[in-house]
Amino acid sequence: MENLSLHDAGPQPPGGGQQMPPGPPPVPQLPPQMFTTAAQLLDLTDKKLMVSLRDGRKLIGVLRSWDQFGNLVLQDTVERLFVQNLYADIDRGLFLVRGENVLLLGEIDLDKDDYVPAPFELGSVEKVFALKKAEEQDRKKTDKRRHRKLAELGFEGEHQGEAIL
């Protein structure tokens, strides 16, 4: 076994190839796939994103800032409402999103930014909002009936158990 020190010359390249230029060795760069934290957002800064939140809202805006918790600052944000075959955009301006509420986010291809899928048509904000509200009330009624039926069968609904203080 050889005892080498830092000052010993390393192995010579085969065939007497080119020597490394003097100075510090190049710093190796990690590929973007290596980042599994909020650092992945670095590539998305100053790009237009669609962010889907846990409560079902969809936001479209330009990512201006983020932190280690995944909190996002979106500029020129619009909230896009979908109901039946209609959609509407509501201007929200500067928007701060708490990281734990982000379900999904993705970069928007600016070449296809104005493309609307076949079944959807742009509707007025008032009409889409009213339809969305009616749809939400119907869903709540259905959920209430379902919970009542499950309670009759002996199942306990979510957040309806004993509270231990």
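Below is a summary of the structure that appears in this document. (Residues numbered from 1 in each chain as written. Predicted model: local features only at pLDDT ≥ 70, side-chain atom pairs only at ≥ 80, totals over all residues. Heavy atoms only, no water.)

**Notes on the overall build of the protein chain**
A count of helical and extended segments in the protein chain gives one helix and six strands. Secondary structure elements in the protein chain, listed N-terminal to C-terminal, are β-β-β-β-β-β-α. By the burial criterion, 19% of the 165 residues in the protein chain qualify as buried. Sequence separation of 24 or more characterises 48% of the internal contacts of the protein chain that already satisfy a separation of 6 or more. (Helix = DSSP H or I, 4+ residues; strand = E, 2+ residues; numbered from the N terminus. Buried < 20%, exposed > 50% of the residue type's maximum accessible area, 1.4 Å probe, protein only. Contact = heavy atoms within 4.5 Å.)

**Overview of the sheet that holds strand E6 (residues 121-122)**
What links the strands of a sheet is backbone hydrogen bonding, and the strands pair in either a parallel or an antiparallel sense. With mixed pairing, the six strands of this open sheet are ordered in space as E5-E1-E2-E3-E4-E6. Among the strands making up the open sheet, the edge pair consists of strand E5 (102-107) and E6. Pairing between strand E4 (residues 86-97) and E6: two bridges, direction parallel. By the bridge assignment for E6, Leu86 is matched with Glu121. Lying on the sheet, helix H1 (residues 125-152) is in contact with strand E3 (72-83) and E4; it crosses E4 at an angle near 90°. (Pairing = 2+ DSSP bridges. Axes fitted to C-alpha atoms, helices over the stretch in contact; angles between N-to-C directions.)

**What to know about unusual backbone geometry**
One non-glycine residue, Asp46, lies in the positive phi region at around 65°. Considering the arrangement of structural elements, one finds Asp46 in the segment before strand E1 (48-53). Even without being glycine, Gln84 reaches a positive phi, approximately 50°. Positionally, Gln84 belongs in the loop between E3 and E4.

**Looking at the nonpolar core**
Among the nonpolar cores identified, the biggest contains 12 residues, and these are Ala38, Leu41, Leu44, Leu49, Val51, Leu53, Leu59, Leu63, Leu72, Leu74, Phe95 and Val97. The leading source of residues in this core is E1, at three residues. Ignoring any residue separated from it by four or fewer positions in sequence, one finds Leu59 in contact with Leu49, Met50, Val51, Leu53, Leu74, Thr77, Val78, Glu79, Phe95 and Val97. One finds Leu81, Val83, Ile90 and Val128 within the second-largest nonpolar core, a separate group that totals six residues. (Core = buried A, V, L, I, M, F, W, Y, C linked by side-chain atoms within 4.5 Å.)

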